[in-house]
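Listed here are the chains, written in short residue letters.
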Amino acid sequence: MTGFRPAYPLRTERLELRPHRMDDLDDLYAFHSRPEVVRYTPWPVRDREETRVALEKKLSQGELTESGQWLVLAIELHETGTVIGEVLLKWESEIDRQGEIGFALHTAYQGKGLAAEAAREMLRVGFEELGLHRIVAVLDDRNDASARLLERLGMRREAHFIDALQFKGEWANEYVYALLEDDWRDAD
């Protein structure tokens, strides 16, 4: 495959998933600056300038040109046009058809099924458009809400790694969840 770019925006019942734009800065800052949102993300709490710098990098992450890259999309609420989070899909391996998903959502929008809606669409894109065979999600084992969300999506916990990495100054345990293409298709 020489590259992959979904037909944007990706629409779900309540959301549009699309590449980031510079005018997303205020909305992005609203959740990148919250400790409770970034507690389990690989980035720290960001001030406005740090969020602007991060956003500039995200502007080119609306397409995949080679394995190892992340598709990083804004989660925009249809109703208001507000960017309430981000959803990610990594093209891990072209040969092995492997991928990884991730997500982060502003606390004001959590617990409403919106992260699941966005993640479900990214699973669809990964399996049905990118042609992946297996998609994983890796998370801190203390992140109960995300673990429950992944299980609702039909992903199974395949691994539990103890003291797997240094994360924000402490040893962290990781869960690895996965879903196979056949399981995705059978669930439809």
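Look up: the structure comes first, before these words.
In this text the structure is predicted, and so the values were computed from the model without any measurement.

**Quick word on the pattern of salt bridges**
Enumeration over the complete set of coordinates arrives at 23 salt bridges. For Glu36, the salt bridge identified is with Arg34, shortest N-O distance 3.0 Å. What makes Arg34 partly exposed here is its relative accessible area of 28%. With a closest N to O distance of 3.0 Å, Glu170 and Arg142 form a salt bridge. Within this pair, whereas Glu170 is found in strand E8 (residues 170-180), its partner Arg142 is found in the loop between strand E6 (134-140) and helix H5 (144-152), the two being separated by 28 residues in sequence. Residue Arg142 is classed as partly exposed on the basis of its relative accessible area of 35%. Bridged by salt links that share partners, the residues Arg18, Arg21, Asp23, Asp24 and Glu76 form one connected network.

**Notes on the sheet that holds E6**
In space, the 8 strands of this open sheet follow the order E1-E2-E3-E4-E5-E6-E8-E7, with mixed pairing throughout. Among the strands making up the open sheet, the edge pair consists of strand E1 (10-11) and strand E7 (156-167). As paired elements, strand E3 (residues 70-77) and strand E4 (residues 83-93) share 7 bridges and run antiparallel to each other. Considered in E4, the bridge of Trp70 is made with Lys90. The strands touched by helix H4 (residues 114-129) within the sheet are E1, strand E2 (15-19), E3, E4, strand E5 (98-105), E6 and E8, with E4 carrying the most contacts at an inclination of about 30°.

**Focus on H4**
Because each turn of an α-helix spans 3.6 residues, side chains separated by three or four positions in sequence point in the same direction. The end-to-end C-alpha distance of H4, which contains 16 residues, comes to 22 Å, matching closely the 22 Å that a straight helix rising 1.5 Å per residue would cover. Three or more residues of H4 are buried, namely Leu114, Ala115, Ala116, Glu117, Ala118, Ala119, Glu121, Met122, Leu123, Val125, Gly126 and Phe127. Gly131 occupies a position one or two residues after H4 and carries a positive phi of about 75°.

**Some remarks on the packing of aromatic side chains**
The description of an aromatic ring pair rests on the distance of the ring centres and on the angle between the ring planes. Under the definition given, this model contains 2 aromatic pairs. Seen from the ring of Trp43, Lys58 lies directly overhead, with NZ or CZ sitting 5.4 Å from the centre. Its guanidinium or amino end placed over the ring of Tyr175, Arg157 lies 3.8 Å from that ring's centre, counting from NZ or CZ.

**Description of the nonpolar core**
One finds Leu89, Ile101 and Leu150 to be the most contacted residues of the largest nonpolar core, which totals 38 residues. Elements supplying a minimum of two residues to this core: E2, E3, E4, E5, H4, E6, H5 and E8. Take this core: its biggest share by element is 9 residues, from H4. Apart from residues no more than four positions distant in its own chain, Leu150 is found in contact with Ile101, Phe103, Ala137, Leu139, Met155 and Tyr177. Among the nonpolar cores identified, the runner-up in size contains 10 residues, and Val37, Ala74, Val83 and Ala104 belong to it.

**Points about the pairing of E8**
In terms of strand pairing, E6 meets E8 through 7 bridges, oriented antiparallel. Paired with Arg134 across the bridge in E8 is Leu180. In the sheet, E7 pairs with E8 via 8 bridges, with the strands oriented antiparallel. If you follow Phe161 over to E8, its bridge partner there is Glu174. Here E7 folds back onto E8 in antiparallel fashion, the turn holding 2 residues, of which Lys168 has a positive phi close to 50°.

What counts, and where the lines are drawn
- Residues numbered from 1 in each chain as written.
- Predicted model: local features only at pLDDT ≥ 70, side-chain atom pairs only at ≥ 80, totals over all residues.
- Heavy atoms only, no water.
- Salt bridge = Lys/Arg side-chain N within 4 Å of Asp/Glu carboxyl O.
- Buried < 20%, exposed > 50% of the residue type's maximum accessible area, 1.4 Å probe, protein only.
- Helix = DSSP H or I, 4+ residues; strand = E, 2+ residues; numbered from the N terminus.
- Pairing = 2+ DSSP bridges.
- Contact = heavy atoms within 4.5 Å.
- Axes fitted to C-alpha atoms, helices over the stretch in contact; angles between N-to-C directions.
- Expected span 1.5 Å × (residues − 1).
- Phe/Tyr/Trp six-rings, centres within 6.5 Å; stacked < 30°, edge-to-face > 60°.
- Lys NZ or Arg CZ within 6 Å of the ring centre and 35° of its normal.
- Core = buried A, V, L, I, M, F, W, Y, C linked by side-chain atoms within 4.5 Å.

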